[in-house]
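# Results of the structural survey
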Amino acid sequence: MDAKECILRRRSCRRYEEKAIDRSLIRQIVELARFAPSWKNMQIVRYTVIDDAALKNDIAQTCVRGLSFNTKTITRGAALAVISYETGRSGRDTDGSLMAPDGEKWEMFDAGIAAQTFCLAAREHGIGTCIIGVMDEAAVAQKIGLPNTQKVACLVAMGYPEQWKEGPPRLGCDELLRFR
Ligand SMILES: Cc1cc2nc3c(=O)[nH]c(=O)nc-3n(C[C@H](O)[C@H](O)[C@H](O)COP(=O)(O)O)c2cc1C
């Protein structure tokens, strides 16, 4: 699949087959995702993939701020990736000094790029994904025993899709683009 096809064919997937994803395939997805760009190549993003159904479903039940829509998506998925990042490094120089006044925004920026790269890599390997932003970061961190040097950026539900659906429409280029 070339880049254009992968970008166009990645759409959020919320219904999955009851089929496990091999850990070797998850490794291949992270093998690609690790090439995401990052602030000063600091590579602060980490991936915790939960393929234990009991833990995944516990997070689905208790860590989505009561949004049953997300509970269903996570429960249906074969695995759940927690995208997290090491704090206090992005936006800074290697000696820790701030290089940008709004330093903290760059760590979420890194995490966002990594999440999309992860989803595209999953698509390339035939795995559907759905980024989940409505969740309780602290509760997720506690459930997975995240080191306290990291924060949770988002969750990504994943699995073999029941079907590859069309996503919602997009704004046209004329609404998005201007030249000066
Ligand atoms: C930062 C972010 C947070 C999101 N949070 C959720 C979420 O909590 N639940 C959900 O079902 N989808 C969530 N989505 C998926 C969006 O709804 C979806 O990307 C958007 O509707 C466009 O559809 P597409 O991904 O199929 O192209 C999120 C996406 C992003 C980028």
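Anyway, here's the lowdown on the structure attached to this text. (Residues numbered from 1 in each chain as written. Predicted model: local features only at pLDDT ≥ 70, side-chain atom pairs only at ≥ 80, totals over all residues.)

### Here's the deal with the overall build of the protein
From N to C terminus, the protein includes seven helices and four strands. Tracing the protein from N to C terminus, the helices and strands come up as α-α-β-α-α-β-α-β-α-β-α. Relative to the globule expectation of 16 Å for 180 residues, the C-alpha radius of gyration of the protein, 17 Å, shows essentially globular dimensions. Projecting the C-alpha coordinates of the protein onto the three principal axes gives extents of approximately 50 × 45 × 30 Å. (Helix = DSSP H or I, 4+ residues; strand = E, 2+ residues; numbered from the N terminus. Rg over C-alpha atoms; globule rule 2.2 N^0.38 Å.)

### Quick word on the packing of helix 3 (residues 53-62) against helix 6 (residues 137-144)
Two numbers describe how helix 3 lies on helix 6: the axes approach to 11 Å, and their chain directions differ by 160 degrees. Regarding the angle of helix 3 to helix 6, the classification is roughly antiparallel. Helix 3 and helix 6 meet at a crossing whose hand is right-handed. Judged by residue contacts, Leu55, Asp58, Ile59 and Thr62 of helix 3 engage Ala139, Val140 and Lys143 from helix 6. Residues belonging to the contact of helix 3 with helix 6 are distributed by class as follows: four nonpolar, one polar and two charged. (Axes fitted to C-alpha atoms, helices over the stretch in contact; angles between N-to-C directions. Parallel < 35°, antiparallel > 145°, perpendicular 65-115°, else oblique. Left-handed = near helix turned anticlockwise from the far one by under 90°. Contact = placed C-beta atoms within 7 Å. Nonpolar A, V, L, I, M, F, W, Y, C, P; charged D, E, K, R; others polar.)

### What about the sheet that holds strand 1 (residues 45-50)?
Strand order across the open sheet formed by four strands is 1-2-4-3, with antiparallel pairing between neighbours. Two strands close off the open sheet at either side, each with one partner strand: strand 1 and strand 3 (128-132). Adjacent strand axes in the sheet meet at a mean angle of 25 degrees, parallel and antiparallel pairs treated alike. Two elements, strand 1 and strand 2 (residues 79-86), share six bridges in a ladder whose sense is antiparallel. From the neighbouring strand, Val45 faces strand 2, where its bridge partner is Tyr85. (Pairing = 2+ DSSP bridges.)

### Remarks on the pairing of strand 2
Successive side chains on a regular strand alternate, one facing one side of the sheet and the next facing the other. Counting buried positions over the eight residues of strand 2 gives seven, a clear majority of the element. Both strand 2 and strand 4 (residues 150-159) contribute to a ladder of eight bridges, which runs antiparallel. Bridge pairing in strand 4 places Leu80 opposite Ala157. (Buried ≥ 20, exposed ≤ 12 C-beta atoms within 10 Å, placed from the backbone.)

### Let's talk about the nonpolar core
Core analysis: the largest hydrophobic core is formed by 41 residues, its most contacted members being Ile83, Phe118, Leu155 and Val156. Among the secondary structure elements, those contributing two or more residues to this core are helix 2 (23-33), strand 1, helix 3, strand 2, helix 5 (105-124), strand 3 and strand 4. In terms of residue count, helix 5 provides more of this core than any other element does, eight residues in total. Residues contacting Phe118, with those up to four places away along its chain left out, are Ile29, Ala33, Tyr47, Ala81, Ile83 and Val156. (Core = buried A, V, L, I, M, F, W, Y, C linked by C-beta atoms within 7 Å.)

### A look at helix 2
Each α-helix winds once per 3.6 residues, and so residues spaced three or four apart point in a common direction. Looking at helix 2, one finds that the buried residues are Ile26, Ile29 and Ala33. Along the axis of helix 2, the buried residues cluster in a sector spanning 55 degrees; they form a single face. Among the exposed residues of helix 2, those pointing more than 90 degrees away from its buried face are Ser24, Arg27 and Glu31. Of the surrounding elements, those touching the buried residues of helix 2 are strand 1, strand 2 and helix 5. (Arc of directions from axis to C-beta.)

### Some remarks on the environment of Glu86
Looking at the secondary structure, you find Glu86 in strand 2. When neighbours within four sequence positions are excluded, Glu86 is seen to be in contact with Ile44, Thr149 and Gln150.

### Considering the site of the ligand
By nearness alone, 13 residues border the ligand, and Arg11, Ser12, Gly133, Val134 and Gly167 come closest of all. Breaking the shell around the ligand down by element, the ones donating at least two residues are helix 4 (68-76) and strand 3. Across the shell around the ligand, the residue classes break down as six nonpolar, five polar and two charged. (Near = placed C-beta within 6 Å.)

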